[in-house]
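The primary structure of each chain is shown beneath.
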Amino acid sequence: MDFDAIFKTQLDTLKQEGNYRVFADLERRCGSFPRAGNHKNGEFRDVTVWCSNDYLGMGQHPTVVNAMVEAVQTCGTGAGGTRNIGGTNHNHILLERELADLHGKEAALLFTSGYVSNWAALSTLGSRIPNAVILSDEGNHASMIEGIRHSRADKVLWKHNDWRDLDRKLHAVGDRPKIVAFESVYSMDGDISPIREIVEVCEAHGALSYIDEVHAVGMYGPRGGGVTEREGLADRIDLIEGTLGKAYGVVGGYITGSAHLCDFIRSFASGFIFTTALPPAVAAAATASIQHLKASDSERLAQRDRVARLRARLDAAGIPHMANDSHITPVMIGDPVKCRMISDILMDDWGIYVQPINYPTVPKGTERLRITPGPLHSDDDIDHLVLALTTLWQRCALAHAVA
């Protein structure tokens, strides 16, 4: 059997469809964000990054960098083991306390990534709660879908952000343990869920509420606790999941909830038990980032200003972008080949890096450039981006937005 031929055939198909993914070889330089170096074809040059999930630039904030450096010098690099076998460092304990406080919960539990925290928590809840059924928003992230699938629990999909459909389907499930899984900010469309209505439906049916706040923590609420904090609902949600790899600028995932819930996941989740712990320095840096954003609102305010300015400039230029109430600005193209081509031209001719978002991340026909303005993008950066997009819209014969 020629396995390489099988691999090549399917990769060739992916390329022909315009959905083959090419990684940009970037070199982030501390203190220069959103500038980065780009290695390509033996050349090296500066580019401006417009698609980073380091939403607030905290990955290069001096307080966060210093905390990591000091922890490396104190503790060394790796954790040295799983949390159960030699890998629990005091920095992990301090970070979990900080996260529990952030969301007003009794406890928190760290994971190696936001993907793993969703996968491990949902698979454990679904498999260990007898006769459980998980009701999942149809727009949920792949990590949630995979966790639910792995649990082998019964699954019911409800229409995206439609709490009335959720209510009907919870009623139809009947008297069984019910888990409702949804997100606050959806990463590709940037829409925000009707959390209050969803929570009220969960309470009416006695369902456990599980919310993914990965694109919201650090970004919303007076202390960065997410949309649930902003809307005063955190105390009514059973499990809040988040990440350290986006607005906090580090890496890792977590869950927060009651002491019993977190201990339950800690004790039964294979995705927690059998993997090496995060390096202590990562935990120290994350703690510093969370503490800073609990006290400082300047990064969030500056970021919102940049989003508003970019959207106003896109509107003036007639560049179609998806309206939403979050920080994510999807510029719609609707063709995978053109999406890839525009991204390449932006990088090669304009020094602008925006990754094309194609299927299966988004449905076919909704290909886009997912732009995430940050507090460190200047007015000139925004003007340069809009000029480039306007030029390419004409060159590629793309439709303009209707005023």
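Model, not experiment: these values are computed from the prediction. (Residues numbered from 1 in each chain as written. Predicted model: local features only at pLDDT ≥ 70, side-chain atom pairs only at ≥ 80, totals over all residues. Heavy atoms only, no water.)

Draft legend 1. Highlighting the overall build of the chain. On a plain count of helices and strands, the chain comes out with 15 helices and 14 strands. Relative to a compact globule of 403 residues, whose C-alpha radius of gyration would be 22 Å, the chain shows 22 Å and is just as compact. Principal axes of the C-alpha set define a box for the chain whose edges measure 60 × 55 × 55 Å. Counting only residues that meet the buried cut, the chain has 53% of its 403 residues in that class. Within the chain, contacts between residues at least 6 apart in sequence are counted, and of these 71% link residues at least 24 apart. Accessible area of the chain: about 17700 Å², with a carbon and sulfur share of 53%. Computing the positive centroid from 40 side-chain charges and the negative centroid from 50, the chain places the two 2 Å apart. (Helix = DSSP H or I, 4+ residues; strand = E, 2+ residues; numbered from the N terminus. Rg over C-alpha atoms; globule rule 2.2 N^0.38 Å. Buried < 20%, exposed > 50% of the residue type's maximum accessible area, 1.4 Å probe, protein only. Contact = heavy atoms within 4.5 Å. Areas by Shrake-Rupley, 256 points an atom, 1.4 Å probe, with all protein chains shown as cover. Lys, Arg positive; Asp, Glu negative; His and termini not counted. Charge placed at Lys NZ, Arg CZ, Asp CG, Glu CD.)

Draft legend 2. Structural context of the packing of helix α2 (residues 62-75) against helix α12 (residues 280-295). In contact at an axis separation of 8 Å, α2 and α12 are set at 150 degrees when each is read in the N-to-C sense. Considered as vectors, α2 and α12 are oriented roughly antiparallel to each other. Crossing geometry of α2 relative to α12 is assigned as right-handed. Taking contact as the criterion, the partners of Thr63, Val64, Ala67, Met68, Ala71, Val72 and Cys75 in α2 are, on α12, Pro280, Ala281, Val282, Ala284, Ala285, Ala288 and Ser289. Its residues placed into classes, the contact of α2 with α12 shows 12 nonpolar, 2 polar and no charged. (Axes fitted to C-alpha atoms, helices over the stretch in contact; angles between N-to-C directions. Parallel < 35°, antiparallel > 145°, perpendicular 65-115°, else oblique. Left-handed = near helix turned anticlockwise from the far one by under 90°. Nonpolar A, V, L, I, M, F, W, Y, C, P; charged D, E, K, R; others polar.)

Draft legend 3. Representation of the packing of helix α5 (residues 114-128) against helix α10 (residues 259-268) within the structure. Here α5 crosses α10 at 95 degrees, and the two axes come no closer than 10 Å. One way to sum up the angle between α5 and α10 is to call them roughly perpendicular. Together, Ala121, Thr124, Leu125 and Arg128 of α5 and Phe264, Ile265 and Phe268 of α10 make up the contact between the two elements. When its residues are assigned to classes, the contact of α5 with α10 shows 5 nonpolar, 1 polar and 1 charged.

Draft legend 4. Geometry of empty space enclosed by the protein. Enumeration over the complete set of coordinates arrives at 2 cavities of 30 Å³ or more. Roughly 80 Å³ of volume is contained in the largest cavity. Lining the largest cavity are Arg83, His92, Leu110, Phe111, Thr112, Gly271, Phe272, Thr275, Thr276, Ala277 and Leu278. For the lining of the largest cavity, the secondary structure elements donating two or more residues are β4 (107-111) and α11 (270-273). Partitioned by chemical class, the residues of the lining of the largest cavity number 5 nonpolar, 5 polar and 1 charged. Its volume calculated, the second largest cavity comes out at about 30 Å³. Lining the second largest cavity are Phe33, Val49, Ser52, Asp54, Tyr55, Thr372, Pro373, Gly374 and His377. Here the residues of the lining of the second largest cavity are counted per class, giving 4 nonpolar, 4 polar and 1 charged. (1 Å grid on protein atoms, 1.4 Å probe; cavity = no way out; pocket = protein on both sides within 12 Å on 5 of 7 lines; lining within 4 Å. Points joined across faces, edges and corners; volume = space filled by probe spheres on them.)

Draft legend 5. Representation of the packing of aromatic side chains in the model. This model, assessed by the stated rule, comprises 2 aromatic pairs. Between Phe111 and Phe272, the ring centres sit 5.7 Å apart and the planes meet at 75 degrees, which makes this aromatic pair edge-to-face. Linking Phe111 in strand β4 with Phe272 in helix α11, this pair joins segments that are 161 residues apart in sequence. The residues Phe111 and Phe272 share a single accessibility class, namely buried. Sitting over the ring of Tyr20, Lys15 keeps its end group 4.7 Å from the ring centre. Note that Lys364 overlies the ring of Tyr359, its terminal NZ or CZ placed 4.9 Å from the centroid. (Phe/Tyr/Trp six-rings, centres within 6.5 Å; stacked < 30°, edge-to-face > 60°. Lys NZ or Arg CZ within 6 Å of the ring centre and 35° of its normal.)

Draft legend 6. Representation of the sheet that holds strand β3 (residues 43-49). A sheet is described by the order of its strands in space; here 4 strands give the open sequence β1-β2-β3-β12, paired in mixed fashion. Every interior strand has two partners, whereas the edge strands, β1 (25-28) and β12 (352-353), have only one. In the sheet, strand β2 (residues 35-40) pairs with β3 via 6 bridges, with the strands oriented antiparallel. When the bridges of β3 are listed, Lys40 appears paired with Glu43. (Pairing = 2+ DSSP bridges.)

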